[in-house]
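# Architecture and fold: a report
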Amino acid sequence: MKLTTADLSDTHPLAQVAESLFHDFGCVKMFDGPVVTVKVFEDNAIVRTLLEEPGDGRVLVIDGGGSMRCALVGGNLAQLGIANGWHGLVVNGCIRDSAEIREMPIGVKALGTHPRKSEKGLHTGHRNRPVLFAGVTFRNNQWLYADSDGMVISEVSLHERA
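Just so it is clear, the structure is predicted and the values come from calculations on it, not from any experiment.

### Points about the layout of surface pockets
By volume, the largest pocket amounts to about 200 Å³. Mapped onto the lining of the largest pocket, the elements with two or more residues apiece are strand S5 (71-73) and helix H3 (75-83). Of the residues that constitute the lining of the largest pocket, the class distribution is four nonpolar, five polar and five charged.

This is the structure in structure tokens:
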């Protein structure tokens, strides 16, 4: 039985809880895994590079600066994430192809949707650095737990301790 974010928050009051800014888009509404971070701005080239790597059940946390001017993830990148074993994507920005992504077996949380694709090579991105958004600092190898109520982030795996 999977624990809900409400249960985890109650049991582990020191765990971080992200502000309720995100909408669910993927078919999978409850997902968890170790965090991998990336910081980009309106350029998703490094996002693609990461999703081409083995996900091993991890969650890619994409800090897109909250930009609502283009999408950082679409159906092709979501499919790439599935094929390579990523459990979920958290996008501090927009996605596109939302109807397609709603049918895909991956967790996807994002601020919203936008039909415009991102640029390539416009900005540099940074991976594996702490990123701060939604009132939470996300770091590599933290554990992220997500469901329709929100996200709980912990320095250690909580499902083995709950």
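### Concerning the environment of Asp-10
Turning to its location among the elements, Asp-10 is positioned in helix H1 (residues 5-11). Using a relative accessible area of 64% as the deciding quantity, one classes Asp-10 as exposed. In the structure, Asp-10 is positioned 94 residues away from Met-104 in sequence and 30 Å away in space, judged by C-alpha atoms.

### A closer look at the pairing of strand S7 (residues 107-113)
Regular strands place their side chains on alternate faces of the sheet. In terms of burial, S7 is largely enclosed, as six of its seven residues are buried. Pairing geometry for strand S2 (residues 23-24) and S7, over two bridges, is antiparallel. Bridging across to S7, Asp-24 finds its partner in Lys-109. Alignment of strand S6 (residues 88-95) against S7, held across six bridges, turns out to be parallel. Along S7, the bridge assignment pairs Val-90 with Lys-109.

### Focus: the pairing of strand S12 (residues 150-154)
Within S12, five of the five residues are buried, which leaves the element mostly enclosed by the surrounding structure. Side chains Gly-150, Val-152 and Ser-154 of S12 all project onto a buried face; the interleaved residues Met-151 and Ile-153 project onto the opposite face, where all are buried too. Looking at chain direction, strand S1 (residues 16-17) and S12 are connected through two bridges and run antiparallel. Residue pairing for S12: Val-17 is matched across the bridge by Val-152. Of the pairings in the sheet, the one linking strand S11 (residues 143-147) to S12 comprises five bridges and is antiparallel in character. Within the sheet, the bridge partner assigned to Leu-144 lies in S12 and is Ile-153. Between the end of S11 and the start of S12, which pair antiparallel, lie two residues.

### A short note on the pattern of salt bridges
Considering all chains together, one arrives at five salt bridges under this definition. A salt bridge links Asp-24 to Lys-109; its shortest N-O distance comes to 2.6 Å. A residue pair is termed long-range when its members are at least 10 positions apart, and Asp-24 in strand S2 and Lys-109 in strand S7 qualify at 85 residues. The exposure classification of Asp-24 matches that of Lys-109, with both residues buried. Linking Arg-48 and Glu-52 is a salt bridge whose minimum nitrogen-to-oxygen distance equals 3.9 Å. Using a relative accessible area of 45% as the deciding quantity, one classes Glu-52 as partly exposed.

### So, the nonpolar core
With 24 residues, the main nonpolar core has Val-38, Val-47, Leu-51, Leu-60, Ile-62, Val-73 and Ile-95 as its most contacted residues. Breaking this core down by element, the ones donating at least two residues are strand S3 (31-39), helix H2 (45-51), strand S4 (59-63), S5, H3, S6 and S7. Broken down by element, the residue count for this core peaks at four residues, all from H2. The contact partners of Leu-60, leaving out residues within four places of it in the chain, are Val-36, Val-38, Val-47, Leu-50, Leu-51, Trp-86, Gly-88, Leu-89 and Val-90. Residues Val-35, Val-59, Val-131 and Ala-134 belong to the second largest nonpolar core, which totals 17 residues.

Criteria and thresholds
Residues numbered from 1 in each chain as written. Predicted model: local features only at pLDDT ≥ 70, side-chain atom pairs only at ≥ 80, totals over all residues. Heavy atoms only, no water. 1 Å grid on protein atoms, 1.4 Å probe; cavity = no way out; pocket = protein on both sides within 12 Å on 5 of 7 lines; lining within 4 Å. Points joined across faces, edges and corners; volume = space filled by probe spheres on them. Helix = DSSP H or I, 4+ residues; strand = E, 2+ residues; numbered from the N terminus. Nonpolar A, V, L, I, M, F, W, Y, C, P; charged D, E, K, R; others polar. Buried < 20%, exposed > 50% of the residue type's maximum accessible area, 1.4 Å probe, protein only. Pairing = 2+ DSSP bridges. Salt bridge = Lys/Arg side-chain N within 4 Å of Asp/Glu carboxyl O. Core = buried A, V, L, I, M, F, W, Y, C linked by side-chain atoms within 4.5 Å. Contact = heavy atoms within 4.5 Å.

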